[in-house]
Amino acid sequence: MKIFEANISYQVLVFLNEFLKNITSFEIANQKMFDAFGINHFFDDDDFQSLIKSLSLSNVNLVEEPDRAEYGDFQTNKDLANKVAKHLSIRNVSPEIVIEPTCGKGNFIIASLSNFKAIKKVFGIEIYKPYVWETKFSILDFFLSNPDSHKPEITITHCSIFDFDFKNISKQFPTEKLLVIGNPPWVTNSKLGSLNSSNLPKKSNFKNQNGLDAMTGKGNFDIAEYITLMLLDAFQTHKGYLSLLVKNSVIKNIVFDQKEKQYRIGEIEKYCIDSKKEFNVSVEASLLYCQLNSTPSLKCKEFDFYSVENKLNFGWLNSKFVSNITDYIETREIDGVCPFEWRQGIKHDCSSIMELERVSGHFVNNLSEEITFEEDLVYGFLKSSDLKNTVIKKTRKHTIVTQTKVGQETSYIQHLYPETYTYLKKNISSFQSRKSSIYKGKPQFSIFGIGDYSFKPYKVAISGLYKTYHFTLVLPQNDKPVMLDDTCYFIGFDRIEYAVYAIILLNSKTTEEFLKSITFSDAKRVFTKDLLMRLDLLKLASIIPQQEIDKQIIFLNNKYDLSINLSQWDNFISEMTPVKEKQLTIFG
Ligand SMILES: C[S@@+](CC[C@H](N)C(=O)[O-])C[C@H]1O[C@@H](n2cnc3c(N)ncnc32)[C@H](O)[C@@H]1O
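No experiment lies behind these values; they were computed from the predicted model shown.

(A) Molecular detail of the packing of helix 18 (residues 496–506) against helix 22 (residues 546–560). It is the contact of helix 18 with helix 22, at a shortest axis distance of 10 Å, that shows an interaxial angle of 115 degrees. For the pair helix 18 and helix 22, the crossing hand works out as right-handed. Only Ile549, Gln552, Ile553 and Leu556 of helix 22 make contact with helix 18, whose side of the interface consists of Val500, Tyr501, Ile503, Ile504 and Leu505. For the contact of helix 18 with helix 22, a count of residues per class yields eight nonpolar, one polar and no charged.

(B) Local environment of the packing of aromatic side chains. Summed over all chains, the structure comprises 42 aromatic pairs. Their ring planes at 35 degrees and their centres at 5.3 Å tell us that Phe74 and Trp186 sit as a pair that is tilted. In this pair, Phe74 sits in the loop between helix 3 (45–55) and helix 4 (78–90) while Trp186 sits in the loop between strand 7 (178–182) and helix 8 (189–194), placing the two residues 112 residues apart along the sequence. Grouped by ring-pair contacts, the aromatic residues Phe4, Phe42, Phe43, Phe48, Trp133 and Phe137 constitute a single cluster. We note Lys136 situated over the ring of Phe42; from NZ or CZ to the ring centre the distance is 5.3 Å. A cation over a ring is seen here: Arg343 above Tyr453, with NZ or CZ 4.0 Å from the ring centre.

(C) Structural context of the sheet that holds strand 19 (residues 391–392). In spatial order, the strands read 14-24-21-22-19; together these five strands make up an open sheet with mixed pairing. At either end of the open sheet lies a strand with only one pairing partner, and these are strand 14 (343–344) and strand 19. Pairing between strand 19 and strand 22 (residues 472–474): two bridges, direction parallel. Within strand 22, the residue paired with Ile392 across the bridge is Val474.

(D) Local environment of the pairing of strand 15 (residues 355–359). Two strands pair when backbone bridges link them, and strand 15 and strand 20 (residues 397–400) are joined in this way by two bridges, in the antiparallel orientation. Looking across to strand 20, one finds that Leu356 is bridged to His398. Taken together, the four bridges between strand 15 and strand 16 (residues 362–365) define a ladder with antiparallel strand orientation. Across the sheet, residue Leu356 finds its bridge partner in strand 16, namely Asn365. Taken together, strand 15 and the strand that follows it, strand 16, pair antiparallel across an intervening segment of two residues, in which Ser360 is found at a positive phi of about 25 degrees.

What counts and what doesn't
Residues numbered from 1 in each chain as written. Predicted model: local features only at pLDDT ≥ 70, side-chain atom pairs only at ≥ 80, totals over all residues. Heavy atoms only, no water. Axes fitted to C-alpha atoms, helices over the stretch in contact; angles between N-to-C directions. Helix = DSSP H or I, 4+ residues; strand = E, 2+ residues; numbered from the N terminus. Left-handed = near helix turned anticlockwise from the far one by under 90°. Contact = heavy atoms within 4.5 Å. Nonpolar A, V, L, I, M, F, W, Y, C, P; charged D, E, K, R; others polar. Phe/Tyr/Trp six-rings, centres within 6.5 Å; stacked < 30°, edge-to-face > 60°. Lys NZ or Arg CZ within 6 Å of the ring centre and 35° of its normal. Pairing = 2+ DSSP bridges.

Given below as structure tokens:
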């Protein structure tokens, strides 16, 4: 049953009918409601009369819910809200003031009323009017079903959280024990941008975003993160707790920012929930819990919400931010600077024209067009999804490499490779419609992520997207180096031996554990250049026992028909040793 698009129970409907029978003004109705249940401003002048009309049982209607994507609307089910409140109550959280910053249908408010006995005041805020009603109806339903339960003063405010003055609550109740509980909207600023939504703080320079960050996607953040920080700003010096359901990335960012922001929060904990089961979405989310008014903590303990089993601890360890503190301590000796530069693969944003498959003597592009042209600019091409095996000798795809370095003129193609030029020119509109601004003002068939390093014959690569901690050796194809796309990272070598030594070091257990301890599985890109640059291969070479290297060489030789030996090992070590250290060894 619905009234004002809000679900209402039969019990509340009957009650309201009776309760409002002889009441003519909303002021009197509000006073009676406050006296009976402690709920402030239950009715508005505007909708009081229409509510009375709707209450005649025949008027209760069913209304289709509107699209609320911009409001990040994922209502917490009653059972989960109750489990959260129970969990807090078991931990002796017993608030006097409860704040639900975006209360939705009010399940956290009901869970709080059921589980916390010392509450004096409840504040709920919600932007969507039907939910404001639903929360109020649910509270009534709760009190009608539990007539003896304690009734605190309750205020549900219909407004945007960005217009609500939390600091006012903080000032009014400086000494009371507080609990901020809820589940702020699950929506990112870029999603809001694409929806043309204004559900954002009016004037915010959140995280000092600039145009570049917005372009690279670094500036993409969840508004739940903004809301959590807003709440910490208002309540960090208050006695109490904050406990919010948020995406894992929000918790990670808050702990990451703690180094600089030093919010007065301690005992930071993360309880991983099963979002598929609870919200039917595939987003990693957890309950964030922390104690307010504490010495700033830079670490977070991670648990399974259902078993309360401690899985790991993450956060800052001196100057390093790591995803698993225990594993990091075990492997941190390899956290340094990689002697070789990790590079990202080629970006062309024109796969329909630039990506080709070889079909009996000619090429076929992604538009299924058959093409024949000079092969000089065509190279084998690998994407993240191709990097499954340890050694790759043959590629499924090919790409046209139009430049040898970023910004190089592409007009040379016309003279040297006229058929290739004709093909590219014929498809010029596909190049011109590339959205990214990096192509603006650049030569017409420009690509990015290209340089001398792209033409190194032997490469060791990893996908930046997948949570597979496995490196692949990429060998030349038809005497030409193979290229990787921009979802991959690689280091290039002139000698196959160096590449094989590198891959053995990189696929060692130590590297895997180290990488697992510094990567966050919820990150869009699990691996980044910065992260891979931390792999100190020289140190690794000194840790991995020589027999292990021998064993792996034999294995790779047999499996992939290679003929590598250790004859180049010393040169490899020397190549990785910084010049200064080499001089010290010579003169020392
Ligand atoms: C993820 S839902 C959670 C609702 C509720 N806290 C719960 O746990 O069931 C987020 C809620 O935030 C509300 N909301 C979105 N933007 C808001 C804003 N600017 N101010 C107040 N509430 C907002 C949505 O309408 C929605 O009810």
